[in-house]
Amino acid sequence: MNKRVELPLVEPLYSTYHNQGACTAIITSNPTIRNWSLNQIMNLSCNRKFLKGFTSPEISIPGSSWVVCPYFEKIQISSRFIKGYINSIIRRMIDAGYYVAFNNIDDYYLKGKSWYKERHFNHDGLICGYDQNEKTYCIYAYDSKWRYKKFWTPQKAFDAGRKAMEKQGVYANIYGLKVRNEIVDFSPRIVCAKIKEYLNSDLEKYPFEGEGDVYGIIVHEYIAEYISRLYKGIIPYERMDRRVLRLVWEHKRAMFERIKLAENGLGMSSDISQKYAELVENADVMRMLYASHHMKRRDSVLPIIQKELLKLMEDERRLLIILVNEMERKLSNETLEVS
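Predicted model only: the values in this text are computed from it and were never measured. (Residues numbered from 1 in each chain as written. Predicted model: local features only at pLDDT ≥ 70, side-chain atom pairs only at ≥ 80, totals over all residues. Heavy atoms only, no water.)

1. Some details on the pattern of salt bridges
(1) Moving on: Tallying each qualifying case throughout the model produces 21 salt bridges.
(2) Moving on: A salt bridge links D241 to R243; the shortest N-O distance between them is 2.9 Å.
(3) Moving on: Using a relative accessible area of 5% as the deciding quantity, one classes D241 as buried.
(4) Moving on: The shortest N-O distance in the salt bridge between K252 and E316 comes to 3.0 Å. Here K252 is found in helix 8 (residues 244-265), whereas its partner E316 is found in helix 10 (residues 301-338), with 64 residues between them in sequence.
(5) Moving on: Residue classification places K252 among the buried positions, given a relative accessible area of 0%. (Salt bridge = Lys/Arg side-chain N within 4 Å of Asp/Glu carboxyl O. Buried < 20%, exposed > 50% of the residue type's maximum accessible area, 1.4 Å probe, protein only. Helix = DSSP H or I, 4+ residues; strand = E, 2+ residues; numbered from the N terminus.)

2. Thoughts on the packing of helix 2 (residues 33-40) against helix 8
(1) Moving on: Axis separation between helix 2 and helix 8 bottoms out at 10 Å; the angle between their running directions is 100°. Put simply, helix 2 runs roughly perpendicular to helix 8. Between helix 2 and helix 8, the residues in contact are R34, N35, S37 and L38 and A254, E257, R258 and L261, respectively.
(2) Moving on: Classifying every residue of the contact of helix 2 with helix 8 by side-chain character gives three nonpolar, two polar and three charged. (Axes fitted to C-alpha atoms, helices over the stretch in contact; angles between N-to-C directions. Parallel < 35°, antiparallel > 145°, perpendicular 65-115°, else oblique. Contact = heavy atoms within 4.5 Å. Nonpolar A, V, L, I, M, F, W, Y, C, P; charged D, E, K, R; others polar.)

3. Considerations on unusual backbone geometry
(1) Moving on: Notably, K117 is not glycine yet its phi reads approximately 60°, a positive angle.
(2) Moving on: In this fold, K117 is placed in the loop between strand 4 (99-106) and strand 5 (122-131).
(3) Moving on: In this structure, W146 is a non-glycine residue whose phi angle is positive, near 60°.
(4) Moving on: Within the secondary structure, W146 sits in the loop between strand 6 (136-142) and strand 7 (148-154).

Right, dumping it as structure tokens:
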């Protein structure tokens, strides 16, 4: 067995949540899998529970987790049945080229991780390496300064987090993940259909009085309402969800990449992507304002964010409608030429 192994990573498409980051960070041996996410994974969702007392809108991008991706070999093992052998199994997986996702580990004990020595929190992450000389793991997750990056932590810290959860009857799972070799092509036709699905969303379809999840572009309206409730104190500052505007920004950044590929693939001008780039910048500014408010309370920035978020929604809707119309025209011409 090797003494030190560190598997490579690339910048993920989405990384607000650990399971998103692992989905496209581990694809160095087959980078075309990123096309699967660009083709298929672009919708937004949130839950309406925050309108009735819950403190998070649970914003998400459905399907963005490694769990859903069909291009990974996945091997699951529960700590309930392997006890003290878990570390040797993790090392063997990594030696064989498998990245190791994990869950049900208490962050409080995991040195360098997001809630280390601050809060007991049942959490997940990815192991992408080990060093037997130092008895450490290379973890890819949010660190203690809330930066999504690689860091090394003692293997005994990982064990402490696992054992703490086991005392509560909660067992860790480890998942060996290895990229398959299938080549995935970028598909403007699929992208066009998925963007239309994303745009098929408004308050008539998803009214505030409804129940359950909301999908599509109207999620921005719900996030604006969430921010309004933070400003009014209906949702306490101490309970604000720090992840909300980061995911909005990541969504715009991924959409921008998708638009550029569609323009190139269909021989279109870059007019839409150039204009959409401004939306990505605006989303980044909102993200930073929101993050600064989380670090040091400044309620005055919340109405600004709310206003800009609603403007972003309308600007995005307008640009994507133009994009879809042009894509459909190009795709129709391609079909006619083939026939």
